[in-house]
Amino acid sequence: MKNSFLMRNPSTLIFLAALAVFTIVVTALSEAFGLGLISTSFVKTLGKTLCLGLVAIAMDLVWGYAGILSLGHFAFFGLGGYMIGMWLMYERTRDIVISSMSDAPIPPTAEEITDAIGHQIFGVVGSSEFPLIWAFADSLVLQLVLVVLVPGALAFVFGWLAFRSRVAGVYLSILTQAMTLALSLYLFQNDSGLRGNNGLSGLQNLPGLEAAPQSVVSIWFLWASALALGLGYLLAAWIVSGKFGSVIRGIRDDEARVRFLGYSVESYKLALFTVTACIAGIAGALYYPQAGIINPAEIAPIASIYLAVWVAIGGRGRLYGAVIGAGFVSLVSSWFTGGQAPDISLGFYTIKWVDWWLIVLGLSFVFVTLFAPKGIAGLFDLAAHRRWPNRHGADLGPDAGALREREANE
Amino acid sequence: MQDILQEHSALITKSSRMTIAPAIAAITDSELTQAQDVLQAWQSKDIWRRTSDGLFFRAEETAAGSYLLFDFDTGETVGEAQKTDLKQLKPNSGVRALIGSALVQFQLQDGDPVRRLAALTSIQRDPSSELLEPLRASIDSEPDADLKAQKQRAERLLTIAYDTDESARVGAISDMSGDLGVDLRATLNPLLETKVQVFTGEAPNALNIARRLAPGEDISTKAAYDLLVTANLAPARIDQAEVRATLGVHISEGRVGGVAVEDLNQPEARARAYAALVAQGLAEPDPTSAEIEAHLGAHQFVEIYKEPSQPVTTAASEALDKILLKVGMNQALDLILDGLSLASIYFLAAIGLAITFGVMGVINMAHGEFIMMGAYTGYVVQQIIPNHTVSILVAIPLAFAVTFAAGVAMERLVIRWLYNRPLETLLATFGISIALQQLAKNIFGTQARPLTSPAWLDGAWVMNDVVSISYIRIAIFILALSFLAIFLFIMRRTRLGLETRAVTQNPRMAASMGINPNRVNMLTFGLGSGIAGVAGVAIGLFAKVTSELGNDYIVQSFMTVVVGGVGNIWGTLAGAAMIGFLQKGIEWFNPSNTLAAQTFMIIFIIIFIQFRPRGIIALKGRAAGD
């Protein structure tokens, strides 16, 4: 028992307990199952935040542990959303079409129903034909498989190409950013088959469950998101705690040495890159039904960079740091940009947070990078009185660019 | 003149398009100098007839209801008359058009070249057959060489389109073939317009046949059959919607044609029910595919030129082929020029990065924002200095100074703590980038600000109707080249360049040789940022200046540097050329979809990196750094 996984990683247990308490408290305060102190829209916001926490864990694995600054994980997140969105939109449109056609004297044939659905969905982009990528849209199971498979396959192909040719560091970041840009530009086209910049909409309505009010559905999604986050956290903690985790940390710190020790660095990186893309896809598939709409703007490179911002502010190289960062920054962001924060009057100028929040965020990001590389999670170290030997900021290794002490103590 | 008018007074007063021709002909054929005045007055409804003696005059209203009358022959006033004693000639629009074309021959020979040019322009804009003769008649007497050439060209085009003599038309076509003018293509294309006609049996040979169409090959069977249906040569097909409607009409007691209504969601059940209705004579039968085949086989589908003369269409299509080949070659040239100008824009945007990223290895995500700052500096300068030429000349050094200062500040405050840690630099500079973008939004608003180029940069250098390039793009090309020269000069010929190269290769060794690496890094970063600012002024001249201006260029700029090969200015040049030409090339395949072009270009670059991970021009040996 002493050597069990959870005992060796007490933070995992604490995190899971905190997550469970959070879920129970929100449920108890919700409109559907409790006192009604939390509005349905806020429950949705919290549920979405949990999904962002999950994708932040994926980002932390790939960046904080393996040192690959991927600027493409939000694209995988969006792809997962698109995959589930296709099923939601197809089934819901089908319900609408069938109910509108049931009044006709002659019952519709299957082909007529499909045509009518196609007309409904693709009318906005001036088409009525189903593109090939919608072939499985009528099957929930297949689309759920695609939620994992499509981001995973894209990550696998891209990662294979990139790691094989030893693209690393900043070059890889730029290349992933280019991939994200290409994907979002592609989806912006009307003939991409995913409704161009209209995106997919009406995703908050679950087909077949019209009877359930949104307040109940939002709690269901909160539970599902919490469950996914908990499982994702466990998986991530398991990955980084074993031998695999040691190797990827080794890759982060000095790729060449790990290679010379006989490890196939490319395979490790590729496996991690693909797994995290799948996790991101699942997070997206839970996020967008709560958001209700997905369009290509969500995939734009800036979103992936924000993901890196969350992880950095939360504290990279530890899983709970990533979740805290995603939750904290996205909630604070929506508080400031939603116009709820009070304006500050300086007499000669009034600071409107809607206008100034991004500047604060940007500068705080610089600040965190320069002075607090451990992010918010570093505060836990202070609380736990964990101190590290003070080497006055000197490099740990002999090479230029080797880790400095304050960031190397994971 | 009055006599002529009197002679035709009946026609003139009761003018209609069908009958007026002899009257107009009489006036124009009179060869009197007044003819033009008469026609102009007539066209503008200024001719009045005196009721007492039936004489025609040009009249001008002097006071309400009172008119001053002018005689046509003498031009003198002949007195004043009340409106009640006069009757106005009101030619309708058809007649006015006829008068107008009769007037053209006078206008074409008018003493005033401006009027002649106006008449010629109206012919070019709105050609018609009756203008051909007057135009021909006016060519020989044309004194102005330029106008004469234009008239001859218009005459050739009118000959092609309207001459009654077939050989003259063919001759004109062969004269003009090889000409790139849009007007020639606009004249030739209508000659080759076709329509598809259906004939039972052989098509008559008298028609000018373009080609025979075989259903299923040259024309889809569906389209061919639809033609037959429109020509009432075959029964219409019944589509599913009609079947549905017909079935709906004949429901009785829950059954149609012996089939229960609830079973009608199966296609076979529907077919059975409909067949039963047909058997009862309640519905039209849908022709079977064999019947459709038979109908199609019994008819000939022929594409016929609307132009009846075969030699003309043959000559026109040959000439057009030749022209299109030439147009294609010119378009290729145009494409190359487009690619060149896009490449110089990318080069301009990337050259600052080539210094900060390529030489120093600092990844600066705020580079795009430096471009934006340069553009906004240009905008602010234009608000203060209204003269565009002067303001641009002031803006360029000022933009350099502003972004140089910003770059130095950024290097001192942020980047120098993060040397050798590129990922952190990327994130920190990204934070600066979003802060700067939002700051620009707060100061200048979200709407685009204009940065107007000086008047002498307006317009384009036009080679022919296909190839043209705007002066701004030429200026940017020259600017890009001069930046290249400045870069090379600084890096190879100045103390700063030498020190920069030393510091980037080995900072400790450089420091031990008495070079201050901090100072050198600061200045080099400032230089790269300053160049980005100047590029911003240039880019602002043709793009709208918004806070997101830099965003549009940042990924492409990094791509340019990475594809070209880091640390080598020639690589950046090659990268910019490759990306620019590639993007224009892909756009050429699908001009309406620039998004797709960008997508494919990025995918191409990702694949390209596979084969040359270090770029087109890779550094070798010690300079490569590892």
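Keep in mind the model is a prediction, meaning the values are calculated, not measured.

Rules and cut-offs
- Residues numbered from 1 in each chain as written.
- Chains lettered and ligands numbered in written order.
- Predicted model: local features only at pLDDT ≥ 70, side-chain atom pairs only at ≥ 80, totals over all residues.
- Helix = DSSP H or I, 4+ residues; strand = E, 2+ residues; numbered from the N terminus.
- Rg over C-alpha atoms; globule rule 2.2 N^0.38 Å.
- Buried ≥ 20, exposed ≤ 12 C-beta atoms within 10 Å, placed from the backbone.
- Contact = placed C-beta atoms within 7 Å.
- Domains from an automatic or database assignment.
- Nonpolar A, V, L, I, M, F, W, Y, C, P; charged D, E, K, R; others polar.
- UniProt positions renumbered as here; feature names shortened; annotations may be inferred.
- Pairing = 2+ DSSP bridges.
- Axes fitted to C-alpha atoms, helices over the stretch in contact; angles between N-to-C directions.
- pLDDT = per-residue confidence, 0-100.
- Expected span 1.5 Å × (residues − 1).
- Parallel < 35°, antiparallel > 145°, perpendicular 65-115°, else oblique.
- Left-handed = near helix turned anticlockwise from the far one by under 90°.

1. Here we look at the overall build of chain B
Then step 1. Regarding its fold elements, chain B presents 25 helices and twelve strands.
Then step 2. On C-alpha atoms alone, chain B measures out to a radius of gyration of 38 Å, which is more than a quarter above the 25 Å that the 2.2 N^0.38 rule sets for 626 residues.
Then step 3. The dimensions of chain B, computed from C-alpha atoms along their principal axes, are 110 × 95 × 50 Å.
Then step 4. Looking at chain B as a whole, 38% of its 626 residues qualify as buried.

2. Examining the overall build of chain A
Then step 1. The helix and strand tally for chain A stands at 15 helices and four strands.
Then step 2. Against the compact-globule benchmark of 22 Å for 410 residues, chain A has a radius of gyration of 23 Å, which places it among compact chains.
Then step 3. For the C-alpha atoms alone, the extent of chain A along its principal axes is close to 85 × 60 × 55 Å.
Then step 4. In chain A, which comprises 410 residues, the share counted as buried stands at 43%.
Then step 5. Contacts in chain A between residues at least 24 apart in sequence constitute 74% of all its contacts with a sequence separation of at least 6.

3. Concerning the domain arrangement of chain B
Then step 1. Splitting chain B by domain gives domain 1 (2–96), domain 2 (109–191), domain 3 (194–305) and domain 4 (337–624).
Then step 2. A straight line from the C-alpha centre of domain 2 of chain B to that of domain 4 of chain B covers 51 Å.

4. A word on the interface of chain B and chain A
For an interface, size is often stated in terms of accessible area lost upon the parts coming together.
Then step 1. Taken together, the contacts link 45 residues of chain B with 40 residues of chain A.
Then step 2. Contributions of two or more residues to the side of chain B that touches chain A are made by α12 (240–249), α18 (422–444), α23 (551–564) and α25 (594–611) of chain B.
Then step 3. The element that contributes the greatest number of residues to the side of chain B that touches chain A is α18 of chain B, accounting for 14 residues.
Then step 4. Counted by class, the side of chain B that touches chain A contains 30 nonpolar, eleven polar and four charged residues.

5. Some words on the UniProt feature "transmembrane region" (unreviewed entry) in chain B
All names here are of chain B.
Then step 1. As annotated by UniProt and renumbered to match this structure, "transmembrane region" (unreviewed entry) occupies residues 345–368, 388–410, 471–491, 522–542, 554–582 and 594–611.
Then step 2. Structurally, residues 554–582 is divided into 86% helix and 0% strand, and its ends, taken at the C-alpha atoms, are 18 Å apart.
Then step 3. Regarding residues 594–611, the helix share stands at 100% and the strand share at 0%, and the terminal C-alpha atoms are separated by 26 Å.

6. A short note on the environment of Ile 282 of chain A
Residues and elements named next belong to chain A.
Then step 1. With respect to the element layout, Ile 282 can be found in helix α11 (residues 265–291).
Then step 2. Judged by C-beta crowding, with 24 C-beta atoms within 10 Å, Ile 282 ranks as buried.
Then step 3. Along the chain, Ile 282 and Ile 84 lie 198 residues apart, while their C-alpha atoms are 9.4 Å from each other.
Then step 4. Those residues in contact with Ile 282, other than ones at most four positions away along the chain, are Gly 80, Val 147, Val 148 and Ala 228.

7. Describing the pairing of strand β2 (residues 56–63) of chain B
Residue and element names in this part refer to chain B.
Then step 1. Where strand β1 (residues 47–50) lies against β2, three bridges are found, and the strand directions are antiparallel. Across the sheet, the residue bridging to Ile 47 is Arg 58, located in β2.
Then step 2. Counting the residues between successive antiparallel strands, the hairpin from β1 to β2 contains five residues, one of them, Gly 54, with a positive phi of roughly 75°.
Then step 3. Two strands pair when backbone bridges link them, and β2 and strand β3 (residues 66–70) are joined in this way by five bridges, in the antiparallel orientation. In the strand pairing of β3, Ala 59 is matched with Leu 69.
Then step 4. Between β2 and β3, which pair antiparallel and follow one another directly, the connecting turn spans two residues, one of which, Gly 65, has a positive phi of 80°.

8. Describing the sheet that holds strand β10 (residues 299–305) of chain B
The strands making up a sheet associate through backbone hydrogen bonding, with each pair oriented either parallel or antiparallel.
Residue and element names in this part refer to chain B.
Then step 1. Taken together, the three strands give an open sheet; going across it, the order is β6-β10-β7, and neighbouring strands pair in antiparallel fashion. If you trace the sheet from one side to the other, it starts and ends with β6 (194–200) and β7 (209–213), each paired once. Ignoring strand direction, the axes of neighbouring strands in this sheet form an average angle of 30°.

9. Description of the pairing of β3 of chain B
Residue and element names in this part refer to chain B.
Then step 1. Of the strand pairs in this sheet, β3 and strand β4 (residues 77–82) are connected by five bridges, and their pairing is antiparallel. Residue pairing in the sheet places Ser 66 in a bridge with Gln 82 of β4.
Then step 2. Between β3 and β4, which pair antiparallel one after the other, the connecting turn spans six residues, and Gly 75 there sits at a positive phi close to 80°.

10. Concerning the environment of Glu 112 of chain A
Residues and elements named next belong to chain A.
Then step 1. As for its position among the elements, Glu 112 is in helix α5 (residues 110–122).
Then step 2. Looking at Glu 112, the number of C-beta atoms within 10 Å reads 19, which means it is partly exposed.
Then step 3. In sequence terms Glu 112 and Val 97 are 15 residues apart; their C-alpha atoms lie 9.9 Å from each other.

11. What about the confidence of the model for chain B?
Fine structural detail should not be taken from predicted coordinates in areas where pLDDT scores are low.
All names here are of chain B.
Then step 1. Looking at chain B as a whole, the pLDDT averages 83, with 99% of positions reaching at least 70.
Then step 2. Ranking the helices and strands of chain B by mean pLDDT puts helix α16 (residues 367–384) first, with 93, and helix α2 (residues 9–13) last, with 76.
Then step 3. Interface confidence in the predicted complex, given as ipTM, is 0.82; pTM for the same model is 0.78.

12. Some remarks on the sheet that holds β4 of chain B
All names here are of chain B.
Then step 1. The five strands lie next to each other as β4-β3-β2-β1-β5, forming an open sheet whose pairing is antiparallel. Looking at strand neighbours, the two that pair on one side only are β4 and β5 (86–88), the edges of this open sheet. Adjacent strand axes in the sheet meet at a mean angle of 45°, parallel and antiparallel pairs treated alike.

13. Quick word on helix α4 (residues 73–101) of chain A
Then step 1. The end-to-end C-alpha separation of α4 of chain A is 42 Å, in line with the 42 Å expected for 29 residues at 1.5 Å each.
Then step 2. In terms of burial, α4 of chain A is a largely internal element, 22 of the 29 residues being buried.

14. Brief notes about the environment of Asp 218 of chain B
Residues and elements named next belong to chain B.
Then step 1. By the element assignment, Asp 218 lies in the loop between β7 and α11 (221–230).
Then step 2. Under the C-beta neighbour-count criterion, Asp 218 is labelled partly exposed, with 13 such atoms within 10 Å.
Then step 3. Taking C-alpha positions, Asp 218 is 9.8 Å from Phe 301, a pair spaced 83 residues apart along the chain.

15. Quick notes on the packing of α16 of chain B against helix α17 (residues 388–413) of chain B
Residues and elements named next belong to chain B.
Then step 1. In contact at an axis separation of 8 Å, α16 and α17 are set at 140° when each is read in the N-to-C sense. As summarised for this structure, α16 and α17 are arranged oblique, according to the angle between their axes. When the axes of α16 and α17 are compared, the crossing they make is right-handed. Each of Phe 370, Met 373, Gly 374, Thr 377, Gly 378, Val 381 and Gln 382 in α16 lies in contact with α17, whose residues at this interface are His 388, Ser 391, Val 394, Ala 395, Leu 398, Ala 399, Val 402, Thr 403, Ala 406 and Gly 407.
Then step 2. In terms of residue class, the contact of α16 with α17 is built from nine nonpolar, eight polar and no charged.

16. Comments concerning helix α12 (residues 301–314) of chain A
Then step 1. Between its first and last C-alpha atoms α12 of chain A spans 20 Å; for 14 residues at 1.5 Å apiece the expected length is 20 Å, and the two agree.
Then step 2. Taken across its 14 residues, α12 of chain A has twelve buried, putting it largely inside the fold.
Then step 3. Among the residues of α12 of chain A, Pro 301, Ser 304, Ile 305, Tyr 306, Leu 307, Ala 308, Val 309, Trp 310, Val 311, Ala 312, Ile 313 and Gly 314 of chain A are the ones counted as buried.
Then step 4. Packed against the buried residues of α12 of chain A are α3 (40–65), α4, α7 (169–188), α13 (319–337) and α14 (353–371) of chain A together with α18 of chain B.
Then step 5. At the C-terminal side of α12 of chain A, Gly 315 of chain A shows a positive phi close to 120°.

17. Side note on unusual backbone geometry
Then step 1. Within the chain, Arg 195 of chain A stands out as a residue other than glycine whose phi angle is a positive 65°.
Then step 2. For Arg 195 of chain A, a count of 22 C-beta atoms within 10 Å corresponds to the buried category.
Then step 3. Positive phi outside glycine occurs at Asn 232 of chain B, with the angle close to 60°.
Then step 4. Among the secondary structure elements, Asn 232 of chain B is positioned in the loop between α11 and α12.
Then step 5. By C-beta crowding, Asn 232 of chain B is classed as exposed, having 8 other C-beta atoms within 10 Å.

18. Digging into the packing of α3 of chain A against α11 of chain A
Residues and elements named next belong to chain A.
Then step 1. Contact pair α3 / α11: the axes reach a minimum separation of 9 Å and the direction vectors enclose 170°. By the angle between their directions, the pair α3 and α11 is classed as roughly antiparallel. Residues Lys 44, Gly 47, Lys 48, Cys 51, Leu 54, Val 55, Ile 57, Ala 58, Leu 61 and Val 62 of α3 pack against Leu 272, Phe 273, Thr 276, Ile 279, Ala 280, Ala 283, Leu 286, Tyr 287, Gln 290 and Ala 291 of α11.

19. Let's talk about the confidence of the model for chain A
Then step 1. Of the residues in chain A, 92% reach a pLDDT of 70 or more, and the chain-wide mean stands at 85.
Then step 2. Scored below 50 in pLDDT, residues 395–400 of chain A shows ten contacts in the model against residues more than four places distant or in partner chains.

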